[in-house]
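Listed here are the chains, written in short residue letters.
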Amino acid sequence: MKVATVRQLGSSDILLMRELLAMFAVAFDDHGSYAAAVPGDAYLRRLLGQEHVIALAANKGDDVVGGLVAYVLHKFERERSEIYIYDLAVAASHRREGIATALVERLKEIGAGRGAGVIFVQADYGDDPAIALYTKLGIREDVMHFDILSDNNPRISGSA
């Protein structure tokens, strides 16, 4: 089995980011969010160039087989930061190969270099593979999550 290569994407990696978004669409079965309205090159370039955005792609040859998008959250109470994993997925045909763990381990290296004391992630009840992965890698905290929607969100404006 060929090992995946994990690399951090930068502002010039527009094509790889588009491939990562396409892989997310399939892995999450959410084409509406990840493939229906992909941002333009300038937007992706700007986002990938920001210090607080971390995008990692796992490749096997020319194929993106996994990826992670995280955000650095700078804290006010001390000079420190935390990292939030927003998206983490591996293509179905490449699961159980250690790719998700390799992505998180690379993120830990990046976080250590940026002074991040903790990385956190959410998992949905019933997503047993994600829960097992995160349990292996970290300490579980049971919390409640709330979506506070803006006035122009279609979920509350009736235009959904």
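Worth saying up front: this structure is predicted, and the values here are computed from it rather than measured.

### Details of the environment of Val6
Within the secondary structure layout, Val6 lies in strand β1 (residues 5–8). Distance from Val6 to Ala102, taken between C-alpha atoms, is 7.3 Å for residues 96 residues apart in sequence. Leave out the neighbours within four places in its chain, and Val6 touches Leu56, Ala57, Ala58, Ala102, Leu103 and Arg106.

### Section: the sheet that holds strand β4 (residues 81–90)
The strand order across the open sheet built from five strands is β1-β2-β3-β4-β5, with neighbouring strands paired in mixed fashion. Bordering the open sheet on either side are β1 and β5 (116–121), each of which pairs with just one other strand. Strand-to-strand twist across the sheet, computed as the mean angle between neighbouring axes with direction ignored, equals 25°. Across eight bridges, strand β2 (residues 53–60) lies against strand β3 (residues 63–74) in antiparallel orientation. Residue pairing for β3: Lys60 is matched across the bridge by Asp63.

### Overview of the pairing of β2
For β2, the tally of buried residues reaches eight of eight residues, placing the bulk of the element in the interior. Of the two faces of β2, both are covered, the one formed by Val53, Ala55, Ala57 and Asn59 as well as the one formed by Ile54, Leu56, Ala58 and Lys60. Summarising the sheet, β1 and β2 pair through four bridges and their orientation is antiparallel. By the bridge assignment for β2, Thr5 is matched with Asn59. Taken together, β2 and the strand that follows it, β3, pair antiparallel across an intervening segment of two residues, in which Gly61 is found at a positive phi of about 65°.

### A look at a nonpolar patch on the surface
A surface patch of nonpolar side chains, about 210 Å² in accessible area, is lined by Leu73, Val118 and Phe120. The class of Val118 is partly exposed, set by a relative accessible area of 36%.

### Overview of the pattern of salt bridges
Side-chain pairs of opposite charge can arise whenever the charged atoms involved come near each other. In the structure shown here, the tally under the stated rule is nine salt bridges. One salt bridge in this structure joins Asp41 and Arg18, with 2.6 Å as the shortest N-O distance. Here Asp41 is found in helix α3 (residues 41–48), whereas its partner Arg18 is found in helix α1 (residues 14–27), with 23 residues between them in sequence. For the salt bridge of Arg106 with Glu109, the shortest nitrogen-to-oxygen distance reads 3.1 Å. With a gap of three residues between them, Arg106 and Glu109 both fall in helix α4 (residues 99–113), about one helical turn apart. Of the residues examined, Glu109 reaches a relative accessible area of 51% and is grouped as exposed. Taken together, the salt bridges that share partners define one network made up of Lys75, Glu77, Arg80 and Glu82.

What counts as what
Residues numbered from 1 in each chain as written. Predicted model: local features only at pLDDT ≥ 70, side-chain atom pairs only at ≥ 80, totals over all residues. Heavy atoms only, no water. Helix = DSSP H or I, 4+ residues; strand = E, 2+ residues; numbered from the N terminus. Contact = heavy atoms within 4.5 Å. Pairing = 2+ DSSP bridges. Axes fitted to C-alpha atoms, helices over the stretch in contact; angles between N-to-C directions. Buried < 20%, exposed > 50% of the residue type's maximum accessible area, 1.4 Å probe, protein only. Patch = residues over 30% accessible without salt bridge, like charges linked within 9 Å, V, L, I, M, F, W, Y side chains within 5 Å. Areas by Shrake-Rupley, 256 points an atom, 1.4 Å probe, with all protein chains shown as cover. Salt bridge = Lys/Arg side-chain N within 4 Å of Asp/Glu carboxyl O.

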